[in-house]
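One-letter residues, chain by chain:
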Protein chains: 4
Amino acid sequence: MKKIKTAIIGAAGYTGGELLRLLLHHPACDLVYVHSNSQKGKKVTEVHPDLIGDTELVFTDKVKTEGIEAVFLGLPHGETKGFLENHTFSTDTVIIDLSTDFRDESNGFVYGLPEVNKHKIKSSTKIANPGCFATGIQLALIPAVAKGWVKDTVQISGITGSTGAGKKLADTSHFSYRTGNMSVYKLFTHQHLKEIKQTFGQLFAEFNQEILFVPYRGNFSRGIWITAYFPFEGDLDDARKVYKDFYHDAPFTHVSDQDIDMKQAVNTNKCILHLQKEKGQLVIYSAIDNLLKGASGQAVQNFNIAFGLEETAGLHLKSIAF
Amino acid sequence: MKKIKTAIIGAAGYTGGELLRLLLHHPACDLVYVHSNSQKGKKVTEVHPDLIGDTELVFTDKVKTEGIEAVFLGLPHGETKGFLENHTFSTDTVIIDLSTDFRDESNGFVYGLPEVNKHKIKSSTKIANPGCFATGIQLALIPAVAKGWVKDTVQISGITGSTGAGKKLADTSHFSYRTGNMSVYKLFTHQHLKEIKQTFGQLFAEFNQEILFVPYRGNFSRGIWITAYFPFEGDLDDARKVYKDFYHDAPFTHVSDQDIDMKQAVNTNKCILHLQKEKGQLVIYSAIDNLLKGASGQAVQNFNIAFGLEETAGLHLKSIAF
Amino acid sequence: MKKIKTAIIGAAGYTGGELLRLLLHHPACDLVYVHSNSQKGKKVTEVHPDLIGDTELVFTDKVKTEGIEAVFLGLPHGETKGFLENHTFSTDTVIIDLSTDFRDESNGFVYGLPEVNKHKIKSSTKIANPGCFATGIQLALIPAVAKGWVKDTVQISGITGSTGAGKKLADTSHFSYRTGNMSVYKLFTHQHLKEIKQTFGQLFAEFNQEILFVPYRGNFSRGIWITAYFPFEGDLDDARKVYKDFYHDAPFTHVSDQDIDMKQAVNTNKCILHLQKEKGQLVIYSAIDNLLKGASGQAVQNFNIAFGLEETAGLHLKSIAF
Amino acid sequence: MKKIKTAIIGAAGYTGGELLRLLLHHPACDLVYVHSNSQKGKKVTEVHPDLIGDTELVFTDKVKTEGIEAVFLGLPHGETKGFLENHTFSTDTVIIDLSTDFRDESNGFVYGLPEVNKHKIKSSTKIANPGCFATGIQLALIPAVAKGWVKDTVQISGITGSTGAGKKLADTSHFSYRTGNMSVYKLFTHQHLKEIKQTFGQLFAEFNQEILFVPYRGNFSRGIWITAYFPFEGDLDDARKVYKDFYHDAPFTHVSDQDIDMKQAVNTNKCILHLQKEKGQLVIYSAIDNLLKGASGQAVQNFNIAFGLEETAGLHLKSIAF
């Protein structure tokens, strides 16, 4: 198989590390270089020591554009735009941006949620990879929104692992604080609500319901759990069928008939859903790994789609399970 | 100080152990005997080894009623009624039941939530100690309910530590399952809703709003976190004032002006509250220790009230903090 | 590629689940059936729900031997012998046993530690897969033992995740007990010492040093950490070189020049080692995943070797990293 | 009871917070002021929010010496000496220093390990409070050292909670790194070995054995576990008796006849010990809370002794237990 010449820009952080973990063993990827300003000159295995034995790559702070067929951008939010203005890739180069900068589909970017936009992604060279909470929440609600079922406020509680807040040290990611603890942040105002509403509006033009989302800091490093519900007059079995049909072709998004727990999805690119109906509400649970389906795994899924590869290439990941 | 002759029935479990930890050092308590059918003949320190150095008591399966001035009942739910039929305590004996059996205030029991019923508790000899989730949720909402502010459905997400499920082994309390995990149980149907609605109805006769409560299994051993909200047209500052006024005389229930986290309350008898207003909702966070303010600590608080002691006697507990 | 017809016996437990996770995506494996007495008739995804979307297999309690080219035995310790007496596989069938039963190389079994016995494994059809602690400890010490460096007692502390104790409920794997806790078990008498000493004796005939091994129950679900040391007069750089040379051809066992931590190896088949010299002692740290390099991953590695496949086939696993 | 006028210098960190938690409810303590340069002007409850309802104190950066009868120094290591040169307390003022600066008993300080030095502490006004690992290790070994039993190298593995490393943010206390992880630091060279050897030399003049101590970073916030052993020809029952006799008058140090686990001691001022004999070694386990018996709790114990109070005053702490 001819391999795709690939670069990672900003590869020293958590999502950059996950990209490395995935791409180093991806059957169709030739990782040409990995870029980091902060870690230039260091071996990749110094920064991501779990990769020992997998690579001899060294971080560079040089951005080579020539001959690069795919580039993943793992820059801090707000820096991608400036980066792309200063570095001109070929118009054929597939650019997959993990920041929030182009999730509004500005500058020709497509919103990279394959369950909704697979066809657009396939024919695009600019893909804005969704946010982690945004992915977990959208996959929980999209089939219902598309059917026009959501006619009232949506109530959501979501819990994220500490890796969602990045590698940077912070009081709320100090182990002594976070272990055995719970707390809420950005009540009802999480920045991912913007991309969620954008998608819902594209799926169902008249969608304008309130979404009340309580984001929790979880006492674990990886994973996102979402509980979402809204008043629903329909039948649970029908709802399950609609969800299963909607995700019929989605290789990573699965509707379970049994109760689920978050770790089923951790360290995989899966989104696992379960539906209940109680007290007149349709309740949907959604579990993902925030760094995989919520970031780097979905980015590789988009890479696969954009290059016409098997959508699951390099993404048959073993769950942590326990 | 003349000490109160006290017994614990069913002292081998988690709440029984907490009662022991509290009562052994309580300044007005003379712990006459501790009862357990399963552990009879064993030293208390064999079953609760952290109590080494604190007691030489041995579990008995004999129930002595004579001369007992206070008895704590830590029997499994459903067994208290039968127990009291078979064992007749003096009509002066203060009975504090930690099970669900008399929380409906049947058989002359008073619902032992001091923030609401202090006067009734003071003059009662039969006290039904509230449930853990019930305590956290009620303290989050009572001032608002009493003011008639709750005119629509209340949305609640609550997360509990594993000790809430007791000492018994279960798949969902297996360490390999629960660590780093999240899941939901008893969606919208948790048994504590019954006592919550009873109290709300007593405080505000026409209260009949729906309460949609999502209970989570948390990845920690102790603590309960509650996020509750409902549409509210009033002003946040006014709401905070109402809450502070309502709990002015409550020595353990505090309204914080800053963001809170759950561990602030863990290993104490406190309930720590914080209020926000966002998107037209009044949001109340509530943090307690499920085994203390949610069970054994509140039981001792009720004991203090019933015997006219300082309400905080034996309950100046050091928080775990980290 | 012609695929190898494979069965798993006893596939409902932790190691059985890991085998399923690995073999379902193994490029050379055709999983013909999975056996479990306790779960017969249930879908694999009911018992291992993280496998949703990966398989439609159903557990059977029938043991088919005909046409099976490879069989993994995940039976409880002590039951393998009886099983093999009652079920006769073809003499060509590769049997990989994960129990302790044949680790003494009785009945024609080879001890399946590839770093030592790769050639024997390659030509064998009966492989006794090593224990988890045994793997972590042996890989920490083998190069030193083989060189005759170990002339005095070896001191070892080792910490294991809760999955090492299996799926069965137990007081010491109750979440409320284990979270945030530490304790020691089987002090100096862990059953894996037997296989460790056997290997050491094979590598260096006169080896008869005492091994004082303190096994800890760790507050995590996956992983083993080993710290081993003994008096050593040689030079650290030389020791590192000897270790690197020894493991030169081992695709999963790596000697790091930097400090290591356990999670670098978790959810991979790697063993990551690091050496220090201090106070006249050569100190070796070793990190593995107890369910992978310590059990099912090594079993698949042995399968690969026995069938002449690439040793890493199906084992390019993404570490959990965080 | 006349209360002792007390100050805390450097009260914004972890040990300062613990001192506050203890002293605010101490029956003989009048907390006159709490000092912090970094937090001056802030309410204590802003920095230690779990203390809500317990105090209205505000941090000051003014050091008042007049009329202060007891002062606890929680300054960074190395800063106490300079502080005491710049601020002159009355010669009657009891100074309890939690830093390492005077643990060598320079400048008239007494090493504040009550199990060894109670009489010296009672008549002293300058007390150097022991280190956390130092406390756990010394209490494990002192009776044996005093008896002259330790005639060979002592092997120790010790595991500490993250609070041992303080409030400061660091890579190794990032939640994403530390949760579910294990690692070793300061191999064989931990700074507490110095004070340990000093005490051992005082107890048994000819003590000069090597102590090989492997310190682990534990995956929990509070607690220290120590496993220590050395060759021992005596009898286990005799050893237990010697230990029990030695600690007969120590109100917090207990020798258990059963297996122990670390959480038995967490959130208490206890040190819980257990002895085993195996393979010719006497093995002692020791469990403490690093912030209590390992720091602030022991400081209050020293305060009690120095002022002739009940040694346990203010220290009947409820264990976390789970």
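Residues numbered from 1 in each chain as written. Chains lettered and ligands numbered in written order. Predicted model: local features only at pLDDT ≥ 70, side-chain atom pairs only at ≥ 80, totals over all residues. Heavy atoms only, no water.

Draft legend 1. Spotlight on the interface of chain B and chain A. Counting residues at the interface gives 34 residues for chain B and 34 residues for chain A. Between chain B and chain A the total buried area reaches about 3,100 Å² when both faces are included, carbon and sulfur atoms providing 62% of it. If you sort the residues of chain B by the area they bury against chain A, Met182(B), Phe188(B) and Lys279(B) come out on top, with a joint share of 18%. Looking at the side of chain B that touches chain A, the elements that each hand over two or more residues are β7 (154-160), α6 (175-178), β8 (183-184), β9 (211-217), β10 (224-231), β12 (271-278) and β13 (281-288) of chain B. (Contact = heavy atoms within 4.5 Å. Buried area = accessible area lost by both parts, 1.4 Å probe. Helix = DSSP H or I, 4+ residues; strand = E, 2+ residues; numbered from the N terminus.)

Draft legend 2. The domain arrangement of chain A, seen in detail. Residue and element names in this part refer to chain A. Split into domains, chain A comes out as domain 1 (4-129) and domain 2 (132-288). For domain 1 and domain 2, the distance between their C-alpha centroids amounts to 26 Å. With 14 residues of domain 1 at the interface, the matching set in domain 2 holds 21 residues. Each partner contributes to the roughly 1,400 Å² buried at the junction of domain 1 and domain 2, and carbon and sulfur atoms together form 51% of this total. Of all residues in domain 1, Tyr14, Tyr111 and Glu115 bury the most surface against domain 2, accounting for 42% of the area lost on that side. At the surface where domain 1 touches domain 2, the tally comes to two salt bridges. The salt bridge partner of Glu195 is Arg103, with a shortest N-O separation of 2.9 Å. (Domains from an automatic or database assignment. Salt bridge = Lys/Arg side-chain N within 4 Å of Asp/Glu carboxyl O.)

Draft legend 3. Region of the structure containing helix α9 (residues 296-306) of chain A. The buried fraction of α9(A) amounts to eleven of the eleven residues, a majority that puts the element mostly inside the structure. Positioned one or two residues after α9(A), Gly308(A) has a phi angle of 70 degrees, which is positive. (Buried < 20%, exposed > 50% of the residue type's maximum accessible area, 1.4 Å probe, protein only.)

Draft legend 4. Quick peek at the packing of helix α4 (residues 114-122) of chain B against helix α9 (residues 296-306) of chain B. All names here are of chain B. Where α4 contacts α9, the axes come no closer than 9 Å and their chain directions differ by 40 degrees. Of the possible angle classes, the one that applies to α4 and α9 is oblique. For the crossing formed where α4 meets α9, the hand is right-handed. Residue-level inspection shows Pro114, Glu115, Lys118, Ile121 and Lys122 of α4 in contact with α9, the latter providing Gln298, Gln301, Asn302, Ile305 and Ala306. For the contact of α4 with α9, the class distribution of residues is four nonpolar, three polar and three charged. (Axes fitted to C-alpha atoms, helices over the stretch in contact; angles between N-to-C directions. Parallel < 35°, antiparallel > 145°, perpendicular 65-115°, else oblique. Left-handed = near helix turned anticlockwise from the far one by under 90°. Nonpolar A, V, L, I, M, F, W, Y, C, P; charged D, E, K, R; others polar.)

Draft legend 5. Broad picture of the state of the cysteines. Counted under the stated rule, the structure contains zero disulfides over all chains. Note on Cys132(D): no disulfide assigned, nearest cysteine sulfur contributed by Cys271(D) at a separation of 13 Å. (Disulfide = S-S within 2.5 Å.)

Draft legend 6. Quick peek at the UniProt feature "active site" (unreviewed entry) in chain A. All names here are of chain A. Per the UniProt entry, the sites bearing "active site" (unreviewed entry) are Cys132 in this numbering. With respect to the helices, strands and loops of the structure, Cys132 is situated in helix α5 (residues 132-146). Judged by relative accessible area, which is 14%, Cys132 ranks as buried. Among residues more than four places away in sequence, those in contact with Cys132 are His192, Ile224, Ile288, Asn290 and Gly294. (UniProt positions renumbered as here; feature names shortened; annotations may be inferred.)

Draft legend 7. Region of interest: the pattern of salt bridges. Applying the stated criterion across every chain, the model contains 72 salt bridges over all chains. Residue Asp245(A) is joined to Lys241(A) by a salt bridge in which the shortest nitrogen-to-oxygen separation is 2.7 Å. Highlighted residues: Asp245(A) and Lys241(A), both in helix α8 (residues 236-246), separated by four residues, approximately one helical turn. Since its relative accessible area comes to 45%, Asp245(A) is described here as partly exposed. On the basis of relative accessible area, Lys241(A) is assigned to the exposed category, the value being 51%. Across the pair Lys244(D) and Asp257(D) runs a salt bridge, and its minimum N-O distance is 2.8 Å. Here the residue Lys244(D) occupies a position in helix α8 (residues 236-246), and Asp257(D) occupies one in the loop between β11 (253-256) and β12 (271-278), the gap between them amounting to 13 residues. Asp257(D) gets classed as partly exposed once you look at its relative accessible area, which sits at 47%. Through salt bridges with shared partners, one network takes in Glu18(A), Arg21(A), Asp50(A), Arg222(A), Asp289(A) and Lys318(C).

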